[in-house]
Amino acid sequence: MFAAERRQLILEMVRANGAVSLRELARVVQTSEVTVRRDVRALEAEGLLDRRHGGAVLPGGFTRESGFPQKSHLSTAEKTAIADLAASLVGEGEAIVVGAGTTTQELARRLARVPGLTVVTNSLLVAQALAHANRVEVVMTGGTLRGSNYALVGSGAEQSLQGLRVSRAFLSGSGLTAERGLSTSNMLSASVDRALVQAAAEVVVLADHTKLGADTMFQTVPTELITRLVTDEPPLHDERAAAELQALADQGVEVTVAGPDAETGEAPPGGRRPRRDMPLPGQRRTTTGRAGGLGPQLRSASSLSDQASSSGERARVADLRRR
């Protein structure tokens, strides 16, 4: 493929999806990420797109939201690894809320195996993934259906969440920065996500590396309210994404990076084996996490299973006390 043909295809993908990772662009145009990065720089110089951490977005500073058909085919391996790790945080008998998104849909598919779980969601896709789980109770919010992401939004959805209290909220979004936290491109979706956050004792953000450094119009979760970020390993050359992760950790967010399959030791699709703990620039490690007040902590996949079970026990005790 000639350079002009590659760049035209890259431009069409960005226009169709709003934001595309370099990894995905390289896969589609069948060339290396180094070549794609050079093409993206040339297109940025012409004002046709903007470069972001590990990818390219529409020009103008704020990415627009892609529809579900486009987002469902982006970063699929990364979303799978993130969902596998996030599911290990959920214990038997917990009550949680799960927001809308393709990554949270992947999480829901894995939650179907957790007995005694109660899931509150405004996402039709999350509910569908759990519809045939025998020992999982699904509670849907009210609201108006937003067809682009199959989510219920509006005052009906927000009012149905009033008075609700659960152990954790699992949310995704369009962008994540240390400065503003999680954000999305739609005002109605942002408003419902804020209501989901208010219902939860802890907030877990699921975001692949292409979301790091992206800033969209409406803030949903400020950084100080994010308990944990579950993400994948950024490409080795993406120093800005690593710096963004460190900035989040410096503000008290527990950053957990999805690693290879715990049972087989194999890397996820794509052939690369992510590290369990990312050695971020200037990384500061502590023996106590956020609750201990001693600073940020980066968490590995292998350390989560014990915490998940203890958190589930705390949730059940709290539920018995309320009764």
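Calculation criteria
Residues numbered from 1 in each chain as written. Predicted model: local features only at pLDDT ≥ 70, side-chain atom pairs only at ≥ 80, totals over all residues. Heavy atoms only, no water. Axes fitted to C-alpha atoms, helices over the stretch in contact; angles between N-to-C directions. Helix = DSSP H or I, 4+ residues; strand = E, 2+ residues; numbered from the N terminus. Parallel < 35°, antiparallel > 145°, perpendicular 65-115°, else oblique. Contact = heavy atoms within 4.5 Å. Nonpolar A, V, L, I, M, F, W, Y, C, P; charged D, E, K, R; others polar. Expected span 1.5 Å × (residues − 1). Buried < 20%, exposed > 50% of the residue type's maximum accessible area, 1.4 Å probe, protein only. Pairing = 2+ DSSP bridges. Salt bridge = Lys/Arg side-chain N within 4 Å of Asp/Glu carboxyl O. Patch = residues over 30% accessible without salt bridge, like charges linked within 9 Å, V, L, I, M, F, W, Y side chains within 5 Å. Areas by Shrake-Rupley, 256 points an atom, 1.4 Å probe, with all protein chains shown as cover. Core = buried A, V, L, I, M, F, W, Y, C linked by side-chain atoms within 4.5 Å. pLDDT = per-residue confidence, 0-100.

*Asks:* For this particular structure, what's the right way to read the packing of helix H2 (residues 22–29) against helix H3 (residues 33–45)?
*Replies:* In helix packing, the relevant descriptors are the interaxial angle and the interaxial distance, both defined with respect to the helix axes. Two elements in contact, H2 and H3, have axes whose closest approach is 9 Å; the angle formed by their N-to-C orientations is 105°. In terms of their interaxial angle, H2 and H3 are classed as roughly perpendicular. Side by side, H2 and H3 meet where Leu22, Arg23, Leu25, Ala26 and Val29 of the first sit next to Glu33, Val36, Arg37 and Val40 of the second. Classifying every residue of the contact of H2 with H3 gives six nonpolar, no polar and three charged.

*Asks:* What should I look at first to understand helix H10 (residues 239–250) in this one?
*Replies:* Within an α-helix, residues lying three or four positions from one another point in the same direction, as the helix has 3.6 residues per turn. Over its 12 residues, H10 runs 16 Å from end to end, which matches the ideal 16 Å to within 8%, given 1.5 Å per residue. When H10 is considered as a whole, its buried residues turn out to be Ala241, Ala242, Glu244, Leu245, Gln246, Leu248 and Ala249. Of the residues flanking the end of H10, it is Gly252, one or two places downstream, whose phi is positive at about 100°.

*Asks:* What is the right way to look at the sheet that holds strand S13 (residues 218–221) in this model?
*Replies:* Two orientations exist for strands paired in a sheet by backbone hydrogen bonds: parallel and antiparallel. Within the open sheet, the three strands sit side by side as S10-S11-S13. Their pairing is antiparallel. A single partner strand is all that each edge strand has here, and the edge strands are strand S10 (175–177) and S13. Between one strand axis and the next, the sheet turns through 35° on average, direction left out of account. Note: strand S11 (residues 181–184) against S13, three bridges, orientation antiparallel. Among the inter-strand pairings, Thr184 is bridged to a residue of S13, identified as Phe218. With respect to the sheet, helix H9 (residues 187–198) is in contact with S11 and S13, its orientation differing from that of S13 by roughly 20°.

*Asks:* I keep staring at H2 and nothing clicks. Help me out?
*Replies:* Turning to H2, its buried residues are Leu22, Glu24, Leu25, Ala26 and Val29. Looking at the residues trailing H2, positive phi occurs at Gln30, about 60°.

*Asks:* I would appreciate a short explanation of the sheet that holds strand S3 (residues 55–57) in the present structure.
*Replies:* Taken together, the three strands give an open sheet; going across it, the order is S1-S3-S2, and neighbouring strands pair in antiparallel fashion. Both edges of this open sheet fall to strand S1 (19–21) and strand S2 (50–52), since each of them pairs with a single strand only. This sheet shows a mean twist of 25° between the axes of neighbouring strands, independent of strand direction. When S1 meets S3, the two strands line up antiparallel, connected through three bridges. Paired with Ser21 across the two strands is Gly55, which belongs to S3.

*Asks:* Would you mind going over the pattern of salt bridges with me for this structure?
*Replies:* Considering all chains together, one arrives at 12 salt bridges under this definition. Between Arg23 and Glu78 there is a salt bridge whose closest N-O contact spans 2.2 Å. Placement of Arg23 in helix H2 and of Glu78 in helix H5 (residues 76–87) is noted, with a sequence separation of 55 residues between them. Looking at Arg23, the relative accessible area reads 23%, which means it is partly exposed. Note that Glu106 is salt-bridged to Arg109, the shortest N-O span being 2.4 Å.

*Asks:* Is there a simple way to think about the environment of Ala95 in this case?
*Replies:* Following the sequence through the fold, Ala95 ends up in strand S4 (residues 95–98). Counting along the chain gives 105 residues from Ala95 to Ala200, while the straight-line C-alpha distance between them is 9.5 Å. The residues touching Ala95, leaving out its near neighbours within four places in the chain, are Thr118, Val166, Ser167 and Arg168.

*Asks:* What's the story with a nonpolar patch on the surface in this structure? I'm lost.
*Replies:* Residues Leu124, Met140, Leu145 and Tyr150 make up a contiguous nonpolar surface patch of roughly 330 Å² in combined accessible area. As for its position among the elements, Leu124 is in helix H7 (residues 124–130). For Leu124, a relative accessible area of 33% gives the class partly exposed.

*Asks:* Help me understand the nonpolar core, please; the structure alone is not making it clear to me.
*Replies:* As a rule of thumb, nonpolar side chains are buried together in soluble globular proteins. Counting residues in each nonpolar core, the largest one holds 30 residues, and the members touching the most others are Leu176, Val205, Leu229, Leu248 and Val255. Looking at this core, the elements with two or more residues in it are strand S9 (166–171), H9, strand S12 (200–206), H10 and strand S15 (254–257). Contacts of Leu248, omitting those with residues within four sequence positions, involve Leu176, Thr177, Ala178, Leu212, Thr223, Leu229, Val253 and Val255. Judged by nonpolar contacts, the second largest core, of 25 residues, contains Ala86, Val114, Val204 and Leu206.

*Asks:* What am I meant to see in the confidence of the model for the chain here?
*Replies:* It should be kept in mind that the predicted coordinates are not to be read in detail where pLDDT is low. Counting all residues, the mean pLDDT for the chain is 78, and 74% of those residues have values of 70 or more. Counting interchain partners and residues more than four positions distant, the pLDDT-below-50 stretch residues 66–74 has 22 contacts.

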